[in-house]
Amino acid sequence: MSRLATLPRRLALLRPLRRTTCTARSYSTASDQRLDNRVKIVEVGPRDGLQNEKNIVPLATKIELIERLAKTGLQTIEAGSFVAPKWVPQMANSSEILSHILTTPPPSPHPLTYSFLAPNMKGLSNAFSILDANPSSFSTESNPSPSKPSLEIAVFASASETFSQKNLNASIAASLEAFRAVISAAKETPYNLRVRGYISVVLGCPFEGYDVSPHRVAEIATELLEMGVDEIALGDTTGMGTAPRTKDLLNCLRSAGIRNEDVAMHFHDTYGQALVNTAVALEHGIRTFDASVSGLGGCPYSPGATGNVATEDMVYFMESLGMDAGVDLDGVAEVGEWISKELGRGNGSTVGRAVLGRRKRKQE
């Protein structure tokens, strides 16, 4: 029996979510996507994974990490961030990374999209200067080219006022207004770039606790989509999310008329709930999930938050449900072990360690 045929039965093992109805604008439902077993995993290791490392990671190591990941079948890799180096020193060489991607595109089995954070016009201008120097080296939404890398700009808002002040030094309202110009400029000719909008601490804030309103998240998401953002990434930055609260959040977004295909989930595994929450989102109909090789990550503005859910764990989990992520699990496990050694830290992926351990036993 094929994976496709077994999907409904496998997903039925997950506790079904109670459907809600609303009169808002049209949106997709989980049942619309039940027969589609394809999922997209966005690799955030090179940016979100490395930004919290205490020791500066050499540029050559960052580029090699991206090149190794590009060979595994991933479709999107978050590669850098055009933020002020004094705030996030680890991202100071993002210009060099973007230049390398454009001039020497990493080999990959299919076209790749590389995402870069640009939280303000200064950061976007820095990115544009690299694009202007390489005007024919990237694919755009208006002129797609499968032989060239595609680029994506990302902005990041917050679901809590305190976190917004700590992370962006601005209120939620002020940050959204600043993003309007960034989104508009990124969408204009000649760049015509795809834009992703992150919303942080959607399931819990390190300063305000669990009291993050899902209705406020839906309002921010709607505002970003109306500005022209192509996708909303909901970030459980603290890892405080639980299955019931994840369900409530997604139901709230659904009632607000936000489509499943416009939403990605970004879970941290601080309390070991990332894959549980992924199951809830998957049953809801979400098909895009962020993950970080070897579970790298954390947030410099979220005290106590540990790494993202590991890409290896996410791929294995999806495969166990008959879903198709299109990612080489063995290949990602090798990358996870390599970057862990480069950083002088243990491999944060349970699945990665198991895959490599099994291979080692077979070779003995």
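Residues numbered from 1 in each chain as written. Predicted model: local features only at pLDDT ≥ 70, side-chain atom pairs only at ≥ 80, totals over all residues. Heavy atoms only, no water.

Please provide a residue-by-residue account of the pairing of strand 1 (residues 40-43), values included.
Of the two faces of strand 1, the one holding Lys40 and Val42 and the one holding Ile41 and Glu43 are both buried throughout. The sheet contact formed by strand 1 and strand 8 (residues 288-291) spans 4 bridges and is parallel. Counted as the bridge partner of Val42 is Asp290 from strand 8. The sheet contact formed by strand 1 and strand 2 (residues 76-81) spans 2 bridges and is parallel. Residue Glu43 lies in a different strand from strand 2, and its bridge partner there is Ile77. (Buried < 20%, exposed > 50% of the residue type's maximum accessible area, 1.4 Å probe, protein only. Helix = DSSP H or I, 4+ residues; strand = E, 2+ residues; numbered from the N terminus. Pairing = 2+ DSSP bridges.)

Hey, could you go over the packing of helix 7 (residues 161-168) against helix 8 (residues 172-187) for me, with residue numbers and the actual values?
The interhelical angle for the contact between helix 7 and helix 8, taken along N-to-C directions, is 55°, at an axis separation of 9 Å. One way to sum up the angle between helix 7 and helix 8 is to call them oblique. Contacts between helix 7 and helix 8 involve Glu161, Ser164 and Leu168 from the former and Ile172, Ser175 and Phe179 from the latter. Looking at the contact of helix 7 with helix 8 residue by residue, the class counts come to 3 nonpolar, 2 polar and 1 charged. (Axes fitted to C-alpha atoms, helices over the stretch in contact; angles between N-to-C directions. Parallel < 35°, antiparallel > 145°, perpendicular 65-115°, else oblique. Contact = heavy atoms within 4.5 Å. Nonpolar A, V, L, I, M, F, W, Y, C, P; charged D, E, K, R; others polar.)

An account of the nonpolar core is requested, with residue identities and associated values reported.
Counting 95 residues, the largest nonpolar core has Tyr114, Ile199, Leu224 and Leu234 as the members making the most contacts within it. Discounting chain neighbours no more than four positions away, the residues touching Leu224 are Leu176, Phe179, Ile183, Tyr198, Ile199, Val229 and Ile232. One finds Val42, Leu117, Phe156 and Ala233 within the second-largest nonpolar core, a separate group that totals 8 residues. (Core = buried A, V, L, I, M, F, W, Y, C linked by side-chain atoms within 4.5 Å.)

Any details on the confidence of the model for the protein chain? Residues and values, ideally.
Per-residue pLDDT for the protein chain averages 89, and the proportion of residues at 70 or more is 88%. Low pLDDT, under 50, characterises residues 1-35; the predicted model gives this stretch 74 contacts beyond four residues in sequence or across chains. (pLDDT = per-residue confidence, 0-100.)

Describe the packing of aromatic side chains, listing the residues and the values that go with them.
Each aromatic ring pair is described using two quantities: the centre-to-centre distance and the angle formed by the ring planes. A full pass over the atoms with the stated rule returns 3 aromatic pairs. Centre to centre, the rings of Phe82 and Phe116 are 5.7 Å apart; their planes meet at 40°, and the pair counts as tilted. With a gap of 34 residues between them, Phe82 in the loop between strand 2 and helix 5 (94-103) and Phe116 in strand 3 (residues 113-117) connect regions that are remote in the sequence. Each member of the pair, Phe82 as well as Phe116, carries the same accessibility label: buried. Relative to Tyr191, the ring of Phe128 lies with its centre 3.7 Å away and its plane at 5°, an arrangement referred to as stacked. Taken together, the positions of Phe128 in helix 6 (residues 121-133) and Tyr191 in the loop between helix 8 and strand 5 (194-200) put the pair 63 residues apart, joining distant regions of the chain. On the basis of relative accessible area, Tyr191 is assigned to the buried category, the value being 12%. Geometry around Trp338 places Arg68 over its ring, the cationic atom sitting 4.2 Å from the centre. Taking the ring centre of Phe207 as reference, the NZ or CZ of Lys166 above it sits at 5.4 Å. (Phe/Tyr/Trp six-rings, centres within 6.5 Å; stacked < 30°, edge-to-face > 60°. Lys NZ or Arg CZ within 6 Å of the ring centre and 35° of its normal.)

An account of the environment of Glu223 is needed here, citing residue identities and associated values.
Summarising the element assignment, Glu223 is placed in helix 9 (residues 214-227). In the structure, Glu223 is positioned 43 residues away from Arg180 in sequence and 9.7 Å away in space, judged by C-alpha atoms. Glu223 has contacts with Leu176 and Arg180, leaving out every residue within four places of it along the chain.

Pulling in residues and values, what's your account of unusual backbone geometry?
With an omega of 10°, the peptide bond between Thr189 and Pro190 qualifies as cis. Unlike most non-glycine residues, Asn169 shows phi in positive territory, near 55°. Mapped onto the elements of the fold, Asn169 is located in the loop between helix 7 and helix 8. Residues other than glycine seldom take positive phi values, yet Asn192 does so here, at roughly 50°. Assignment of secondary structure puts Asn192 in the loop between helix 8 and strand 5. With a relative accessible area of 12%, Asn192 lands in the buried category.

Give me the lowdown on helix 7, citing residues and values where you can.
Those residues of helix 7 that fall on the buried side of the exposure criterion are Phe163, Ser164 and Asn167. The buried residues of helix 7 occupy one face: seen down the axis, they fall within an arc of 105°. Where helix 7 is buried, its residues meet strand 4 (150-158), helix 8 and strand 5. Asn169 sits one or two residues past helix 7 and shows a positive phi near 55°. (Arc of directions from axis to C-beta.)

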